[in-house]
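The residues making up each chain are set out below.
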Amino acid sequence: MKKILLIILILGLAGTGYFLAKNNKTTQNIKEQKYSHENPAFSFSYTGDYKISSIADESGEAILVQSEEFQMQIYTAPFDEDIVLTEERIKQDVPDMAMENTNVFSLDDVNGVVFESEGMQNVWVVNDGFLYQISTYLNQKEEMQKILDKWEW
C-alpha cells in the first residue's frame, strides 16, 4: 500500500512538473523584435506576441499594437507648431477632455504629457512636426510603459 501511494505521489509530482514546464511562458524564450515607422519616423522594441497594423484617415494615422492581453494605439497627425505639449495647452485645445493624474512625461528625451482619461492611460507628445497620442487601458499601462521605454525617434 505504501509503495502504491509513493508511486502515485511520484507520478503526480512528475505530471505537475511537466505541466508547469510546458505551460510556463517566460520572456526568456520570446525574441525581442523591433517595429519601425517611416513617416513620421519612430521605432520601438518589444518582446510580446503583438500584431501591429495601421489605419490612415484624412487627419493622420492610427498604429494599433495588439495581442490577446494587450491593446495600445499610437495616433499620429501633422502638427504645425514646434512646442513642448503641456496640460494647459491640451485643455486650451480640448476644453471638455477630462484629465486626471497629469504629469510631465519624457519619450526618448522629448517632453510631453501623461494623463488618465475615461479609463485610459494617455501619453501626448509633439515631435518633428507631428502630434503623437498614445493610449491604452489603465490596467495595461505597465505594458505600454515597457514599449515606450524602448522608443526611439
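Above: the structure in question.
Residues numbered from 1 in each chain as written. Predicted model: local features only at pLDDT ≥ 70, side-chain atom pairs only at ≥ 80, totals over all residues. Heavy atoms only, no water.

## Some remarks on the nonpolar core
Line of reasoning, step 1. With 23 residues, the main nonpolar core has Phe44, Ile74, Ile134 and Trp151 as its most contacted residues.
Line of reasoning, step 2. Going through the elements one at a time, β2 (42-46), β4 (61-66), β5 (71-78), β6 (100-107), β7 (110-117), β8 (120-127), β9 (130-137) and α3 (141-148) are the ones with two or more residues in this core.
Line of reasoning, step 3. Setting aside chain neighbours within four positions, we find Phe44 in contact with Gln33, Lys34, Tyr35, Ile52, Val65, Ile74, Ile147, Lys150 and Trp151.
Line of reasoning, step 4. Leu85, Phe115, Val126 and Leu131 belong to the second largest nonpolar core, which has 9 residues in total. (Core = buried A, V, L, I, M, F, W, Y, C linked by side-chain atoms within 4.5 Å. Buried < 20%, exposed > 50% of the residue type's maximum accessible area, 1.4 Å probe, protein only. Helix = DSSP H or I, 4+ residues; strand = E, 2+ residues; numbered from the N terminus. Contact = heavy atoms within 4.5 Å.)

## Focus: the packing of aromatic side chains
The description of an aromatic ring pair uses the distance of the two centres, along with the angle that the planes make with each other.
Line of reasoning, step 1. Under the counting rule described, the total for this entry stands at 12 aromatic pairs.
Line of reasoning, step 2. Note on Tyr132 and Trp153: the rings are 4.9 Å apart at their centroids and 65° apart in plane angle, and the pair reads as edge-to-face. Of this pair, Tyr132 sits in strand β9 while Trp153 sits in the segment after β10 (151-152), and the two are 21 residues apart along the sequence.
Line of reasoning, step 3. What makes Tyr132 buried here is its relative accessible area of 1%.
Line of reasoning, step 4. Relative accessible area serves as the criterion here: at 29%, Trp153 is assigned to the partly exposed category. (Phe/Tyr/Trp six-rings, centres within 6.5 Å; stacked < 30°, edge-to-face > 60°.)

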